[in-house]
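Notes for the structure review
Each chain is listed here by its residues.
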Amino acid sequence: MTIAVSPFDAGLGADICGVDIRHPITPFERDAIRGAWLDHLVLRFREQPISDEQHMAFTRQFGDLEFNPVALIEKQYGVNTRTDGRRKEIPPEISVISNIVEDGKAIGGLGYGEAFWHTDSSLVEAPPAASLLRSLEIPPQGGATYFLNMYSAYETLPDDIKERIAGMKVIHAATHSSGGKAHKGFETVSDLTKVPGARQPLVRTHPETGRKALFLGRRINSYILGLPVEDSERLLDYLWAHATQEKFTWRQDWLVGDLIWWDNRCAMHRRDAFDRNTRRLMHCTQLKGDRPV
């Protein structure tokens, strides 16, 4: 079977056809898919419904599975991000993103509101290399996911800005969810220079491609180490305004059974809000990553 890679007319991303991800893939298929991922940052496998077991098995063909970092985040930063209503049959390697409530308890995280631009789990020292998100239930409107090419965001910066930010580190704050909700105890932050979170390079080098990308994490309570807070805020505002230009993005309008695989090291993402009275259910696996450099 021949793998077909069809790049999107956008800032990143490609459709992958000619492979059945329900079953083990050949070494040729694996190499072709991995190459497409490194080239295009985001891959879409359209309308291929799979089980959790198949989802995990497909992911494992490209590296080690990363467990949901909830326990690590709770231990390291003292925040509570658990979902009380998570179904017991869901394997621990699967993260559940949903607004569905059963018996008064949410079965997954992130709810129905807008999720702002972010990198998954960048508040931990070694964030996942990739996320593979699949749709089980989708609302009739809303809930689209957008992806952002952080290679392009960096490469199109003026040279003087590139020189200025070289070697800088930024705090990826652990105070809020990607939906902007403050974790308990962090509703108010009085000193950005002491905010909890991983200290990450503002520009990271991809460990496989060698290309440089902006590594911003998320905007809320972010701080560039060593700068006066006012200067940090101005520089971050500039970088975020530059990076989030439409020309660097691609939009995914979900169909049931879609699987989207993105490179968490050089692509950011966000989500549109949707009607709270409709249902959205997504399952996600992640590949282990390295500490950013």
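Residues numbered from 1 in each chain as written. Predicted model: local features only at pLDDT ≥ 70, side-chain atom pairs only at ≥ 80, totals over all residues. Heavy atoms only, no water.

**Quick word on the side chain of Ser131**
Turning to its location among the elements, Ser131 is positioned in strand E9 (residues 130-137). Given a relative accessible area of 0%, Ser131 falls into the buried group. Of note is the side chain of Ser131, whose polar atom sits 3.1 Å from the side chain of Gln286. Excluding residues that lie within four positions of it along the chain, Ser131 makes contacts with Asp120, Ile260, Trp261, Trp262, Cys284, Thr285 and Gln286. (Helix = DSSP H or I, 4+ residues; strand = E, 2+ residues; numbered from the N terminus. Buried < 20%, exposed > 50% of the residue type's maximum accessible area, 1.4 Å probe, protein only. Polar contact = N/O pair within 3.5 Å; in protein donor to acceptor, adjacent residues only side chain to side chain. Contact = heavy atoms within 4.5 Å.)

**Regarding unusual backbone geometry**
Backbone geometry at Asp103 places phi at a positive 55°, although glycine is not the residue there. Following the sequence through the fold, Asp103 ends up in the loop between strand E5 (101-102) and strand E6 (105-106). According to the relative accessible area criterion, Asp103 is exposed, its value standing at 80%. Here the phi dihedral of Asn221 falls at roughly 60°; this positive angle occurs in a residue that is not glycine. As for its position among the elements, Asn221 is in the loop between strand E14 (212-214) and strand E15 (223-224).

**With respect to the packing of aromatic side chains**
In the structure shown here, the tally under the stated rule is 8 aromatic pairs. Ring centres 4.3 Å apart and planes at 10° place the aromatic pair Phe8 and Trp250 in the stacked group. In this pair, Phe8 sits in the loop between strand E1 (4-7) and strand E2 (14-17) while Trp250 sits in strand E16 (residues 249-252), placing the two residues 242 residues apart along the sequence. Phe8 gets classed as buried once you look at its relative accessible area, which sits at 15%. On the basis of an interplanar angle of 75° and a centroid distance of 5.5 Å, the ring pair of Phe45 and Phe58 is categorised as edge-to-face. A residue pair is termed long-range when its members are at least 10 positions apart, and Phe45 in strand E3 (residues 42-45) and Phe58 in helix H2 (residues 52-60) qualify at 13 residues. Judged by relative accessible area, which is 0%, Phe45 ranks as buried. On the basis of relative accessibility, which here comes to 1%, the residue Phe58 falls in the buried class. When the ring centre of Phe215 is taken as reference, the NZ or CZ atom of Arg204 above it lies at 4.8 Å. Sitting over the ring of Tyr151, Arg211 keeps its end group 3.9 Å from the ring centre. (Phe/Tyr/Trp six-rings, centres within 6.5 Å; stacked < 30°, edge-to-face > 60°. Lys NZ or Arg CZ within 6 Å of the ring centre and 35° of its normal.)

**Some words on the nonpolar core**
One finds Val42, Met150, Ile165, Leu214, Leu216 and Leu239 to be the most contacted residues of the largest nonpolar core, which totals 42 residues. Sorting the residues of this core by element identifies strand E10 (145-149), helix H4 (150-155), helix H5 (159-165), E14, helix H6 (229-243), strand E17 (259-263), strand E18 (267-271) and strand E19 (281-287) as the ones contributing at least two each. Ranked by residue count, the leading element in this core is H6, at 5 residues. When near neighbours in sequence (up to four residues on either side) are disregarded, Met150 contacts Ala213, Leu214, Leu216, Ala243, Cys266, Ala267 and Met268. Counting 20 residues, the second-largest nonpolar core is a separate cluster that includes Ile21, Ile25, Ile33 and Ile50. (Core = buried A, V, L, I, M, F, W, Y, C linked by side-chain atoms within 4.5 Å.)

**Quick look at the environment of Arg291**
Tracing the backbone shows Arg291 in the segment after E19. Separated by 167 residues in sequence, Arg291 and Val124 place their C-alpha atoms 9.0 Å apart. Ignoring sequence-local partners within four residues, the contact set of Arg291 consists of Glu125 and Ala126.

**Section: the sheet that holds E10**
Reading across from one edge, E8-E18-E10-E16 is the order of the 4 strands in this open sheet, with antiparallel pairing throughout. The sheet is open, and its two edges are formed by strand E8 (115-118) and E16, each paired on a single side. For this sheet the average axis-to-axis angle between neighbouring strands, irrespective of direction, equals 15°. Sheet analysis places E10 next to E18, joined by 5 bridges and oriented antiparallel. Looking across to E18, one finds that Thr145 is bridged to Arg271. (Pairing = 2+ DSSP bridges. Axes fitted to C-alpha atoms, helices over the stretch in contact; angles between N-to-C directions.)

**Thoughts on H2**
Every buried residue of H2 is listed here: Asp52, His55, Met56, Phe58 and Thr59. For H2, the angular spread of buried residues about the axis comes to 160°, placing them on one side. Buried-residue contacts for H2 involve helix H1 (27-40), E3, E9, E17 and E19. (Arc of directions from axis to C-beta.)

**A short note on the sheet that holds E19**
Judged by pairing direction, the sheet is mixed, and its 8 strands sit side by side in the order E1-E2-E3-E17-E9-E19-E4-E7 without closing on themselves. Edge positions in the open sheet fall to E1 and strand E7 (109-110), since each of these has one partner strand only. This element, H2, spans E3, E9, E17 and E19 of the sheet and lies at about 25° to E19.

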